[in-house]
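Reading the structure
Next come the chains, spelled out residue by residue.
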Amino acid sequence: MLAVLSPGQGAQKPGFLTPWLGLDGAESRLRWWSAMAGVDLVHLGTQADAEEIKDTAKTQPLLIAAALLAADHLPIADVSVVAGHSVGELGAAALAGVLSPEAAITLAGLRGREMAAACALEPTGMAAVLGGDEAEVLAALDKHGLHPANRNGAGQIVAAGLRERLEKFAAEPPARTRVITLQVAGAFHTPYMAPAEQALTAVAGGIIPAHPARLLLSNADGAAVTEGSELLSRLVRQVTAPVRWDLCMRTLADLGVTAVIELPPAGTLAGLIKRELKGDHLPEIVTLNTPDDLPAARDLIARHGAHPSHEPTLHFRVVVAGGAGNFQPAPDLEEGAPIKAGQLIGQIVTRQGSADVTALQAGHLIEWLAHHDDPVAPGQPLARIGELS
């Protein structure tokens, strides 16, 4: 199983889009997307310096444009899982078919502008907290009135809040930690971004999302989201909610993902995965930074993705757990069996009772993603159901 990941703010580098403009149609597409984002993506990706592309209003649409531009040159139909970090989740939503590329770029432009405006309202910032005991770090953040904006796994939590509180926290860090001030405009993924969330809510109401065509993991809790409207709501709430990349990586391991491609500008998420997923859980990774990396990425998809054939295409949706408990599949329901819409396929059993799990569509049971008596969390994938077309 192969996953494609879209990085978030902080991954950008000056000139990183320059080699991509040599591909047919790349510059024209970027200029079309620039009109939607309200910024010059060609200039930002090729000539702008580090200071200019650090501007939140410019960085966010630039990152989504880069991810989608590179993904255009990959056989995404053969990819099983997509996910993105922070604003990168907009890129993942487009790769999953929930949003059109144009909608993703437009939302990224609006998101960046509104978050930049929210940053100007109060003197806030962020700092990476490396190492230490997670519970102790979280308790120290709470003591100082700070928020755990990103929980990135691999011993990294990003603190966010008022700058004066961050300075006091850095002066009294938890045991065995290192605190690094981040060069960002403000406290992203905290209540300080409420004005930006309100602006996104007003615009998102006019978007009609589609259902994901592949597994799409949410920053909110690492769960696979199967409804387009739910994913759109999560994208809006994400502006003020913590990014749980640690849970996304846990889901990658639980799903048995064997290979990962990180879209440009690549390296940050690959580094977190290498530090977090050890041994048998460590997937093969390709960091896609220039067109020269495309052959390696395509080879990875050929070896770990869905294999193309002349047979009819199998489209699927994923059934997920509605709550926590232990999963018990329906007796004698085997992979390959026909499924009716509304058919009972299993139950989530807890001490308080059991909850039925039913199929939302007719088709065939392609694959069990959870098995008898497996402990499951809300939103965890249980089964893949599809129909031939």
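Overview of the structure.

What counts, and at which threshold
- Just so you know, the residues in each chain are numbered from 1, in the order the chain's sequence is written.
- Totals for whole chains, interfaces and linings use every residue, but because this is a predicted model, local features are given only for residues with pLDDT of at least 70 and side-chain atom pairs only at 80 or more, for both listing and counting.
- Hydrogens and water are ignored here; the side-chain numbers use all heavy atoms of the structure.
- Each aromatic pair joins two rings of Phe, Tyr and Trp (for Trp, the six-membered one) with centres within 6.5 Å, and gets the label stacked for planes under 30 degrees apart, edge-to-face for over 60, and tilted for any other angle.
- Helix numbers and strand numbers start at the N terminus; a helix is a DSSP run of H or I with at least 4 residues, a strand a run of E with at least 2.
- Burial classification: accessible surface area is computed with a 1.4 Å probe over protein chains only, and a residue below 20% of its type maximum counts as buried, one above 50% as exposed, and the rest as partly exposed.
- Between two residues, a contact is recorded if the distance between any of their heavy atoms is within 4.5 Å.
- Residue count minus one, scaled by 1.5 Å, sets the expected span of a helix.
- Side-chain atoms within 4.5 Å link the members of a nonpolar core, which is a set of buried Ala, Val, Leu, Ile, Met, Phe, Trp, Tyr and Cys residues.

What follows covers the packing of aromatic side chains. For any pair of aromatic rings, the description consists of the separation of the ring centres together with the inter-plane angle of the planes. Overall, the coordinates contain one aromatic pair when judged by the stated rule. Between Phe-327 and Trp-368, the aromatic rings sit 5.8 Å apart at their centres with planes inclined by 55°, giving tilted as the arrangement. With Phe-327 in strand 11 (residues 325–329) and Trp-368 in strand 15 (residues 363–368), the pair connects residues that are 41 residues apart, well separated along the chain. Classification of Phe-327 by relative accessible area gives buried; the value is 0%.

What follows concerns helix 11 (residues 268–276). Since one α-helical turn is 3.6 residues long, residues separated by three or four positions face the same way. If you check which residues of helix 11 are buried, you get Leu-269, Ala-270, Gly-271, Leu-272 and Ile-273. The inward-facing, buried residues of helix 11 contact strand 1 (2–6), strand 4 (147–153), strand 5 (156–162), helix 10 (245–255), strand 8 (259–262) and strand 9 (284–287).

Here we take up helix 5 (residues 101–119). Compared with an ideal rise of 1.5 Å per residue, which puts 19 residues at 27 Å, helix 5 spans 27 Å between its outermost C-alpha atoms and is within 8% of the ideal. Those residues of helix 5 that fall on the buried side of the exposure criterion are Ala-103, Ala-104, Ile-105, Leu-107, Ala-108, Gly-109, Leu-110, Arg-111, Gly-112, Met-115, Ala-118 and Cys-119. Its buried side turned inward, helix 5 meets helix 1 (26–37), helix 3 (56–71), helix 4 (88–95), helix 8 (194–204) and helix 9 (228–237).

Leu-99, Ile-261 and Leu-263 are the most contacted members of the largest nonpolar core, which totals 75 residues. Non-local contacts of Leu-99, meaning those with residues more than four positions away in its chain, are made with Leu-90, Ala-93, Ala-94, Ala-104, Leu-107, Ile-207, Leu-232 and Leu-235. Val-81, Ala-83, Leu-215 and Leu-269 belong to the second largest nonpolar core, which has 23 residues in total.

These figures capture arrangement, not role.
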